[in-house]
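Close look at the chain arrangement
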Amino acid sequence: MPGNVAQEEFKDKKTSIKDWFTKKFIPKVAKIGNQRHIAAIRDSFGTMIPIIIAGSIGILIGTIGFGGWGSGYVSILGLLCKASNSHTAWSDISTMLASTNNNWGKISTIFSSIFNVMNTATIGMMSIYFIFLFGYYLALGKKNKQPIIGGFVALASFVIACMGQITFFMGAQGLIAAIVFGIISSELYVRFCNVEKFNLKLPDSVPPAVGKSFQVFLPAFFALACVAVLNLVVLMPAILIPSSHLYVTGMSYDTVSNGLLFDQTMWDKAFPDGNLWSQQNANLLNELFTRFSDTASYTDGHSFKEWLDTLSPSQNAFVATALANYDGKIDLSTLTSILDHAKINAVWNSSLNNWILSINWNDIKIGSTSFGLGEAIYQFFTMWFISFATSNGGLALAVLFAFFVSFFWFFGIHGSNIMGGIFEPIWTMIVVLNSTLVTSMGSYDAAVATGSMGVFGKPFFDSFMYVGGSGATLGLLIATFIFSKRRDLKEIAKYATPPGIFQINEPTIFGYPIILNPVYFAPFILAPIANLMTAYIFSPAVLNWMHYPYIIIPWTTPWFLGGILSTLSPGALIPTILVIFIDIFIYLPFVLIDNRKFFKRIKNENVEMYHEELKYSFNKYYHFVANTKKKYQAKLNAADHAVTVAENRNDFIKSLTFKEARKTRMINKNLTKANERKTQLIKKAEEFKSKRDKTEMNLKNKLLKANLQLSEKLKKQNTKIQTRINQKPSYMKKGELKLQFNNDIIASLA
């Protein structure tokens, strides 16, 4: 009795937890997913996909086709250049394409520049497109009569909040500010539109298009005026209190020119306050002069890199600032501090077969007189977030993202939409900044040398985490084909695999189902996280086996292409292959558990179906016969369907207002074609049946022999199980279940 009471209490507790999930947890999270601001972010990015992809294709064409952005001899133009200049070393082809002193370089420069502009006009203006769409969708969600004006108001408010510094903020840097001021301006605009006094009524003689637009003039004005006034919060202290240091700083990047040589006289001219620096860092300066006065030392690069590796961070910063200032790259008056965030890196350029010396320094991008709320958001929030997401903190953020995408999906909530609405601006910023660095620095290697590229760009997740969609379910589909004995799941897998290859897995999630299925909870959570960690290990952050992602690709790109295209790195093929095997390995035990639970359930519910499924799953001869009969019947059904389609078409023709003679001709023609089609299909069906009968005769003995071998194998297993039961009584219940299942399979093989 006490045991029964405890069992009943456990069942009640289990039921109450399930009720809480279904009645409270799921509706609340679903409400978050449908929250209109998150939905508007998602829809805005979704609408931008065509232009983003167009810009990425521009990079691909410029790089792969014409050797732009440092791709050099690995491009098609580079191969043609090598074919025409067979005496030239491969390492010199990149140099030829980078110079306009020859025709090859001119062609490369012209066409890569054309496609560079294509990239700038799309991805490079992402925040402009986003803020307009965001304002439009927010106004549309509130059923505003003029949602397109809402888009314009959001765009104008973004420019106002950024104090007109649109060149700086039109790329990925402005996304977070665009979200903030898109929400503020759109909410204000919609609320003012609902105030009757603000809606101007014009005479009926005014054209409708003009009247509708002029009607929302005051709501638009007040919304923009409110944003302009909000700027006073940061603009006044920025101008009135110089010591507040309210300005926008940002990293600048460049490479040291070849042949840059120093002497003390030139140094003093370049540095008005050079004496102070010389006194404080005399030995360091002397070493720097010596090394850069030695042309061989610089050209070789090795000794300079070895010296750099011995410097402390502050000494490295001093050298970087000194080189940038001496080479005319920076103005010391724009630096927040001479040593602030400055750094020099030496990275090996495999295409040029030389070292790239890249200089980073932090300087003032936007001064105090233009410091609005957009600048404040960028300076105090966006910069920190980008720095966090592109450093080691990005891994924790990515794992968190992967976990909750699968977690929400398990409960039937579109996890990708919820988490994408929150995290997509971050992942998009990273890949766009990566792309911008590559294009501005002229090569991937030079961009890497800045030390500012990030691993977790959006294509990184699309290519390596979503292998088959959320939960990395392509591994589940493959494991089902190979190891599952469930006929129904194999049918589902057959139809779910083609869309799964293109990262669409709703057929899998709802077909198996994954939702609220405790068997698949663990692998559905673990597989994408394992994929993410595997790809991270092969990324530049760890093994440097592949490049950073800097090409934006459609999320529906098959995973085996996505990694290579987004990184333009053949090395990405290795983690691409690994992740699919990892997914199969993770899902395999749970596929087998699911099989056992399935056969146990149907045995209790429908014994006849249970024995039928056993025969289909384990009896190879029966399986062959059942499958071929099904295919034969499907071909006969297709023949009948051809006539049914013609009859339906004829019913439609009868309803038309054509002349009766014409309708009769059309109907007879359709029936004639349908009957001819039916005859052809029946003929093919009979041919299939004839071949199938011959195949059955040839395979029958082989298939029956396979059944016999399986039967003998199961009998041996039963002997071992029985021995274990005798030796270990506690194993009796579990062992008897296995014995019964094996005996049922043996019976199905007879």
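Keep in mind that what you see is a predicted model, and the values were worked out from it rather than measured.

Summed over all chains, the structure comprises 17 salt bridges. Here arginine 487 ties to glutamate 613 by a salt bridge, and the two come within 3.4 Å at their closest N and O atoms. Of this pair, arginine 487 sits in helix α25 (residues 487-501) while glutamate 613 sits in helix α30 (residues 607-618); the two residues are 126 residues apart in sequence, bridging distant segments of the chain. On the basis of relative accessible area, arginine 487 is assigned to the partly exposed category, the value being 25%. With relative accessibility at 8%, the residue glutamate 613 sits in the buried group. Overlapping salt bridges bring together Lys689, Arg692, Asp693 and Glu696 as one network.

Residue pairs spaced three or four apart in an α-helix point in one direction, given the helix's 3.6 residues per turn. Here α25 is 15 residues long and its end C-alpha atoms lie 21 Å apart, about the 21 Å a rise of 1.5 Å per residue gives. Most pronounced at tyrosine 495, the bend in α25 amounts to some 35°, and the proline proline 498 follows within four residues. The secondary structure elements touched by the buried residues of α25 are α24 (474-483), α26 (506-511) and α29 (573-605). Count one or two residues on from α25 and you reach glutamine 503, which has phi positive near 70°.

Looking now at the packing of helix α9 (residues 175-193) against helix α11 (residues 217-230). Between α9 and α11, the least distance of the axes is 8 Å, while the angle of their chain directions is 140°. With respect to their mutual orientation, α9 and α11 come out oblique. In the packing of α9 onto α11, the handedness of the crossing is right-handed. Along its contact with α9, which presents Phe181, Ile184, Ser185, Leu188, Tyr189, Phe192 and Cys193, the element α11 presents Pro219, Ala220, Phe222, Ala223, Cys226, Val227 and Leu230. Here the residues of the contact of α9 with α11 are counted per class, giving 13 nonpolar, one polar and no charged.

Below, the discussion takes up helix α27 (residues 521-538). The end-to-end C-alpha distance of α27 is 27 Å, a good match for the 26 Å that 18 residues give at a rise of 1.5 Å each. Of the positions making up α27, those classed as buried are Pro523, Phe524, Ile525, Ala527, Pro528, Ile529, Asn531, Leu532, Thr534, Ala535, Tyr536 and Phe538. Lining the buried residues of α27 we find α20 (393-410), α23 (458-465), α26 and α29.

Taken as a whole, this structure holds 42 aromatic pairs when the rule is applied. With centroids separated by 5.3 Å and ring planes inclined at 70°, the aromatic side chains of tyrosine 136 and tyrosine 137 adopt a geometry described as edge-to-face. With a relative accessible area of 26%, tyrosine 136 lands in the partly exposed category. Since its relative accessible area comes to 23%, tyrosine 137 is described here as partly exposed. One residue, arginine 487, lies across the ring of tyrosine 616, its end atom 3.9 Å from the ring centre. The ring of tyrosine 731 has arginine 724 sitting right over it, with the charged end atom 4.0 Å from the ring centre.

Conventions adopted
- Residues numbered from 1 in each chain as written.
- Predicted model: local features only at pLDDT ≥ 70, side-chain atom pairs only at ≥ 80, totals over all residues.
- Heavy atoms only, no water.
- Salt bridge = Lys/Arg side-chain N within 4 Å of Asp/Glu carboxyl O.
- Helix = DSSP H or I, 4+ residues; strand = E, 2+ residues; numbered from the N terminus.
- Buried < 20%, exposed > 50% of the residue type's maximum accessible area, 1.4 Å probe, protein only.
- Expected span 1.5 Å × (residues − 1).
- Bend = angle between axes of the 7 residues up to and from the residue.
- Contact = heavy atoms within 4.5 Å.
- Axes fitted to C-alpha atoms, helices over the stretch in contact; angles between N-to-C directions.
- Parallel < 35°, antiparallel > 145°, perpendicular 65-115°, else oblique.
- Left-handed = near helix turned anticlockwise from the far one by under 90°.
- Nonpolar A, V, L, I, M, F, W, Y, C, P; charged D, E, K, R; others polar.
- Phe/Tyr/Trp six-rings, centres within 6.5 Å; stacked < 30°, edge-to-face > 60°.
- Lys NZ or Arg CZ within 6 Å of the ring centre and 35° of its normal.

These results come straight from atomic positions and should not be treated as a statement about function.
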